[in-house]
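Secondary and tertiary structure notes
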Amino acid sequence: MPDSQDFTQVWAWEGEAASRVRARLWAPRIGKGEDETCGSASMLLTQKLGRSLEVLHGPHRAVIRPRSVAALCGGG
């Protein structure tokens, strides 16, 4: 991975109609190689896509729903 990309999430649809994605994070800046439990990056992905997602992190799954920044900070 290029030095300029030291905190990168990659994802792919596993089932777009079902809102299911597979995701991985690489973050050498904080000492992580491949991280298959990248919940914080997946929260940003749901916000960007504006839809709830079932995210597959290795053998685990999480359903993540988009929320406003105000709601995440206790204001909504």
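Description of the structure in this document. Keep in mind the model is a prediction, meaning the values are calculated, not measured.

For the rest of this paragraph, the subject is the pairing of strand S4 (residues 53-57). Across the five residues that make up S4, a large majority, four, are buried. As paired strands, strand S2 (residues 20-27) and S4 are joined by three bridges and run parallel to one another. Looking across to S4, one finds that Arg-22 is bridged to Leu-56. The pairing of S4 with strand S5 (residues 60-64) spans five bridges and is classified as antiparallel. Considered in S5, the bridge of Leu-53 is made with Ile-64.

Moving on: the nonpolar core. If you look at the biggest cluster of nonpolar residues, it comprises 10 residues: Val-21, Ala-23, Leu-25, Ala-27, Cys-38, Ala-41, Leu-45, Leu-53, Val-55 and Ile-64. Sorting elements by how many residues they give to this core places S2 first, with four residues. When neighbours within four sequence positions are excluded, Ile-64 is seen to be in contact with Gly-39, Ser-42, Met-43, Thr-46, Arg-51, Ser-52, Leu-53 and Val-55.

At 3.6 residues per turn, the α-helix brings residues three or four places apart onto the same side. All of the buried residues in helix H1 (residues 39-49) are Ala-41, Ser-42, Leu-45 and Thr-46. Taken down its axis, H1 places every buried residue within 145° of arc, on the same side. On the buried face of H1, the contacting elements are strand S1 (8-15), S2, S4 and S5. Gly-50 occupies a position one or two residues after H1 and carries a positive phi of about 70°.

To continue, consider unusual backbone geometry. Phi is positive for Ser-19, which is not a glycine, with a value near 55°. By the element assignment, Ser-19 lies in the loop between S1 and S2.

Scoring rules and cut-offs
Residues numbered from 1 in each chain as written. Predicted model: local features only at pLDDT ≥ 70, side-chain atom pairs only at ≥ 80, totals over all residues. Heavy atoms only, no water. Buried < 20%, exposed > 50% of the residue type's maximum accessible area, 1.4 Å probe, protein only. Helix = DSSP H or I, 4+ residues; strand = E, 2+ residues; numbered from the N terminus. Pairing = 2+ DSSP bridges. Core = buried A, V, L, I, M, F, W, Y, C linked by side-chain atoms within 4.5 Å. Contact = heavy atoms within 4.5 Å. Arc of directions from axis to C-beta.

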